Amino acid sequence: MEKKLTTPITDEQIKTLKVGDEVLISGYIYTGRDAAHKNMIESIKRNEPLPFDVKDQVIYYVGPTPAKENQIIGSCGPTSSYRMDKYSPYLMEKGLKVMIGKGDRSIEFNQVVKKYQGLYLLAIGGIGAKLSQCVVENTLIAYPELQSEAIRRLKVIDFPAIVAIDFEGNSIFTK
Amino acid sequence: MYKVERKTIIESVKGMLLESVKTLHKEVLDAFENARENERNPLAKNILDKILENHEIANSKDIPLCQDTGIVVCFLEIGRELYFDYDLDEAINVGVSQAYIEGYLRKSIVRHPLNRINTMDNTPAVIHHEFIPGNKLIIHIAPKGGGSENMSTLKMLSPSEGREGLIQFVLDTITKGGGRPCPPLIVGVGIGGNFEKCAWLAKKAILRPLGDITENPVDRELEVELMERINKLDVGPMGLGGDATCIGVKVNSFPCHIASLPVAVNLQCHSARKSEVTLIGKEINHTNN
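Basis of the calculations
- Residues numbered from 1 in each chain as written.
- Chains lettered and ligands numbered in written order.
- Predicted model: local features only at pLDDT ≥ 70, side-chain atom pairs only at ≥ 80, totals over all residues.
- Helix = DSSP H or I, 4+ residues; strand = E, 2+ residues; numbered from the N terminus.
- Rg over C-alpha atoms; globule rule 2.2 N^0.38 Å.
- Buried ≥ 20, exposed ≤ 12 C-beta atoms within 10 Å, placed from the backbone.
- Contact = placed C-beta atoms within 7 Å.
- Pairing = 2+ DSSP bridges.
- Right-handed = clockwise from strand over helix to strand, strands pointing away.
- Expected span 1.5 Å × (residues − 1).
- Arc of directions from axis to C-beta.
- Nonpolar A, V, L, I, M, F, W, Y, C, P; charged D, E, K, R; others polar.
- Axes fitted to C-alpha atoms, helices over the stretch in contact; angles between N-to-C directions.
- Parallel < 35°, antiparallel > 145°, perpendicular 65-115°, else oblique.
- Left-handed = near helix turned anticlockwise from the far one by under 90°.
- Domains from an automatic or database assignment.
- Core = buried A, V, L, I, M, F, W, Y, C linked by C-beta atoms within 7 Å.

> Can you help me understand the overall build of chain A in this one?
When helices and strands are tallied, chain A shows five helices and seven strands. Ordering the α and β elements of chain A from the N terminus gives β-α-β-α-β-α-β-α-β-α-β-β. Computed over its C-alpha atoms, the radius of gyration of chain A comes to 15 Å, within 12% of the 16 Å expected for a compact globule of 175 residues. By its C-alpha atoms, chain A is 45 × 45 × 25 Å across when sized along the principal axes. In chain A, buried positions account for 47% of the 175 residues. For chain A, restricting intrachain contacts to residue pairs at least 6 apart in sequence, the fraction spanning at least 24 positions comes to 64%.

> Where do I start with the pairing of strand E3 (residues 126-132) of chain B in this structure?
Consecutive residues of a regular strand have side chains that alternate between opposite faces of the sheet. All names here are of chain B. Sheet topology places strand E2 (residues 71-79) next to E3; seven bridges connect them, and they run parallel. Bridge pairing in E3 places Glu77 opposite Glu130. For the segment spanning E2, helix H4 (residues 88-102) and E3, crossover handedness is right-handed.

> Please clarify how the environment of Lys107 of chain B should be interpreted in this entry.
Summarising the element assignment, Lys107 of chain B is placed in the loop between H4 and E3. With 32 residues separating them in the primary sequence, Lys107 of chain B and Phe75 of chain B have C-alpha atoms 21 Å apart. Once residues lying within four places of it in the same chain are set aside, the contact partners of Lys107 of chain B are Gln147 and Ser148 of chain A together with Tyr100, Asn118, Met120, Asp121 and Asn122 of chain B.

> Teacher, can you tell me more about helix H2 (residues 26-38) of chain B here?
Residues and elements named next belong to chain B. Under the 1.5 Å per step criterion, the end-to-end length of H2 is 18 Å for 13 residues, consistent within 8% with the ideal 18 Å. Of all the residues in H2, the buried ones are Val28, Ala31, Phe32 and Ala35. Projection of H2 onto a plane perpendicular to its axis shows the buried side chains occupying an angular sector of 100°, all on one side. Turned more than 90 degrees from where H2 packs its buried face, Lys26, Glu33 and Glu37 sit exposed. For H2, the elements touching its buried residues are helix H3 (42-61) and strand E7 (246-256).

> Please explain the interface of chain B and chain A as it appears in this structure.
Taken together, the contact between chain B and chain A spans 30 residues of the former and 29 residues of the latter. Of all the elements, H3 of chain B adds the most residues to the side of chain B that touches chain A, at eight residues. Grouping the constituent residues of the side of chain B that touches chain A by class yields 14 nonpolar, ten polar and six charged.

> Would you mind showing me how to read the packing of H2 of chain B against H3 of chain B here?
In helix packing, the relevant descriptors are the interaxial angle and the interaxial distance, both defined with respect to the helix axes. Residue and element names in this part refer to chain B. Packing of H2 against H3 leaves a shortest axis separation of 9 Å and a crossing angle of 155°. What the angle tells us is that H2 and H3 run roughly antiparallel. For the pair H2 and H3, the sense of crossing is left-handed. Contacts between H2 and H3 involve Leu29, Phe32, Glu33, Ala35 and Arg36 on the former and, on the latter, Lys45, Leu48, Asp49, Ile51, Leu52 and His55. In the contact of H2 with H3, the residues fall into six nonpolar, one polar and four charged.

> Mind showing me how you'd approach the environment of Lys102 of chain A here?
For Lys102 of chain A, the position within the fold is in the loop between strand E4 (98-101) and helix H4 (109-115). In this structure, the C-alpha to C-alpha distance between Lys102 of chain A and Ala123 of chain A, residues 21 residues apart in sequence, is 5.8 Å.

> Would you explain the domain arrangement of chain B in this entry?
A common measure of how large an interface is: the accessible area buried when the components associate. All names here are of chain B. Domain assignment breaks chain B into domain 1 (2-22 + 64-145 + 274-283) and domain 2 (146-268). For domain 1 versus domain 2, the separation of C-alpha centres amounts to 25 Å. Contacts between the two partners involve ten residues from domain 1 and, on the opposite side, eight residues from domain 2. Residue assignment for the side of domain 1 that touches domain 2 shows that the elements contributing at least two residues are E2 and strand E4 (136-144). Broken down by element, the residue count for the side of domain 1 that touches domain 2 peaks at three residues, all from E4. Looking at the side of domain 1 that touches domain 2, its residues break down into three nonpolar, four polar and three charged.

> I would appreciate a short explanation of unusual backbone geometry in the present structure.
Across the chain, the bulk of peptide bonds are trans and the bulk of non-glycine residues have phi less than zero. Following Thr7 of chain A, the chain continues to Pro8 of chain A via a peptide bond in cis, the omega torsion being -5°. You can see Pro8 of chain A is positioned in the loop between strand E1 (3-6) and helix H1 (11-15). Residues Pro183 of chain B and Pro184 of chain B are joined by a peptide bond in cis, for which omega reads 5°. For Pro184 of chain B, the position within the fold is in the loop between helix H6 (162-177) and strand E6 (185-193). Unlike most non-glycine residues, Asn47 of chain A shows phi in positive territory, near 60°. Relative to the assigned elements, Asn47 of chain A resides in the loop between helix H2 (34-45) and strand E3 (58-60). Unusually for a residue other than glycine, Asp62 of chain B sits at a positive phi of about 55°. As for its position among the elements, Asp62 of chain B is in the loop between H3 and E2.

> Hey, could you run me through the nonpolar core in this one?
Inside soluble globular proteins, nonpolar side chains tend to come together where they are buried. Counting 121 residues, the largest nonpolar core has Leu121 of chain A together with Val13, Val187 and Val189 of chain B as its most contacted members. It is strand E7 (residues 151-165) of chain A that contributes the most residues to this core, nine residues altogether. Residue-level mapping places this core at the junction of two domains, with at least three residues from each of domain 1 (2-22 + 64-145 + 274-283) and domain 2 (146-268) of chain B. Not counting chain neighbours up to four residues away, the residues in contact with Val187 of chain B comprise Val170, Leu226, Ile230, Cys246, Val249, Val265 and Leu267 of chain B.

What follows is the structure, given as structure tokens:
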């Protein structure tokens, strides 16, 4: 039975979740992948504000296909998360709680998630058509020049994911 | 002499890409159905259900199967009797550009690997050329995802490592890849030739039909054994464990140097999108010699 997870994320919600739990996420989440992360981390290093307040928020590693005129969003499945490993600690330091992507992360990353009491969730890769059906709102909020890699705020309803690293640093990949 | 019109090539490339990003071949879908039937891990079975459901949604709602609509790989088999008075590669790229812009596909190509400025129309495609007898032009095309490409490997083995060394290298590639290349996979293995030839063989291998049986008995045995051993690794769909790690293994080989045993492993994610067309050249009169 899936557990419901509503954004913004609270510590109480996080502490009820263990590795392997299936969750359904509802509320606002933010898209961001390689290039957007690079930009955000450069902003942090220059002490400049981020395009959105990451505190208690969820970042989804995705670069969707463009929406057609009658669509909210195009295909929008997860990209591989390991490429964000060196960027994520900066964002978690600023309060980011949850990351959604596909595949494993570095072994050290388990401890990063534990340190900041966050969550790493897996979405199933290659099912972007199905996942697009959970998105009810899609707003471009930063870096339009990055095209598919721009940051978007998505409103999702019952977006399915699996807990891959929990707040205690347990990982589904190192069980 | 025979000719295939530039316009025909552009239209064919565009049409194949638009269709392939939302529709998998029946043999691939059958393989997933079969994997789902035989899967003993409940989470893996659930993921296989979702992969099949995704295909239905992609088809009925005209949404790409995957947001990564790939880098376009194209293998051309060019009839020797064909005559071209235009740039064939340019025509392919015009078809690619039209498909990605008009079809709302993701533009995933950057102009330079370090500057990383998007080309905005997903060109250029990676194009390989071969000559064949006759007056046909066969175009094989695949929008190839970055995730599975990133987990592909190449190694120049020592001949002393032999068949078992080669098998271990393939198995290591699959294990290390885990969920990143989006299993269940089609695994293309290229053996022999030299450094670039084995990569080319591996890429060609993933484009072979799943039901295609190689004539070479050594390669055929290797395909069967690799398939069995890969599916015992418990990598499973999305790397979360299970019986279905791959739905096909294709091995292509070529003679090689006495000092070498080159091997390349090209991984195809479960969104195994590809298409092919055979265009017949029309006879042209050349009266003004």
